[in-house]
Amino acid sequence: MNIEYKVIHDFECEDLERLFLSVEWSSGHFPDKLAIAMKNFNTVYSAWDGTKLVGMICVMDDGIMNAYVHYLLVDPDYHGKTIGRTLVNMVKEKYKDYMRIVVVAYDDELHFYKACGFEKSKNASPMFITSLWT
């Protein structure tokens, strides 16, 4: 297996749908919206096994101080192959001069992000307003 990492913003809807649903994310049910979202992110790094999209990380930033990791996902068939860590390292390198790289992690993901050098905030909690499109 030879994973190739790319910096692109244009994706086929089918590739996004397959990857997002592979990790059971509801946004995978909206591949047309995902394709538009990818074009709007400041940074998108993707991982490919041949023509198969197997991972990606997407970041929004303010251009100078703060970068926000919005998506990090790796196809479960490719877990344990350092794809997620490589994608995070690419982001850390790009934003190394920023004051902060922020990620909202679910409890079961904390160990991964801690291993990548992130620290859990002692005085902040993520908050959401989630709506489903009709």
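Everything discussed here concerns the structure shown above.
A short tour of the structure in this document, coming up. The shown structure was predicted, so the numbers you read here are calculated from the model rather than taken from an experiment.

As a further point, take helix α1 (residues 13-22). Along α1, the positions that sit buried rather than exposed are L16, L19 and F20. In a view along the axis of α1, the buried residues occupy a sector of 95°, so they form one face of it. Its buried side turned inward, α1 meets α2 (31-40), β3 (52-61) and β4 (66-74). Trailing α1 by a residue or two, E24 shows a phi angle of about 60°, which is positive.

The sheet contact formed by β4 and strand β5 (residues 100-103) spans 4 bridges and is parallel. Opposite N66, over in β5, you have R100 as the bridge partner. In the classification by handedness, the crossover that spans β4, the intervening helix α3 (residues 83-94) and the parallel β5 is right-handed.

Criteria and thresholds
Residues numbered from 1 in each chain as written. Predicted model: local features only at pLDDT ≥ 70, side-chain atom pairs only at ≥ 80, totals over all residues. Heavy atoms only, no water. Buried < 20%, exposed > 50% of the residue type's maximum accessible area, 1.4 Å probe, protein only. Helix = DSSP H or I, 4+ residues; strand = E, 2+ residues; numbered from the N terminus. Arc of directions from axis to C-beta. Contact = heavy atoms within 4.5 Å. Pairing = 2+ DSSP bridges. Right-handed = clockwise from strand over helix to strand, strands pointing away.

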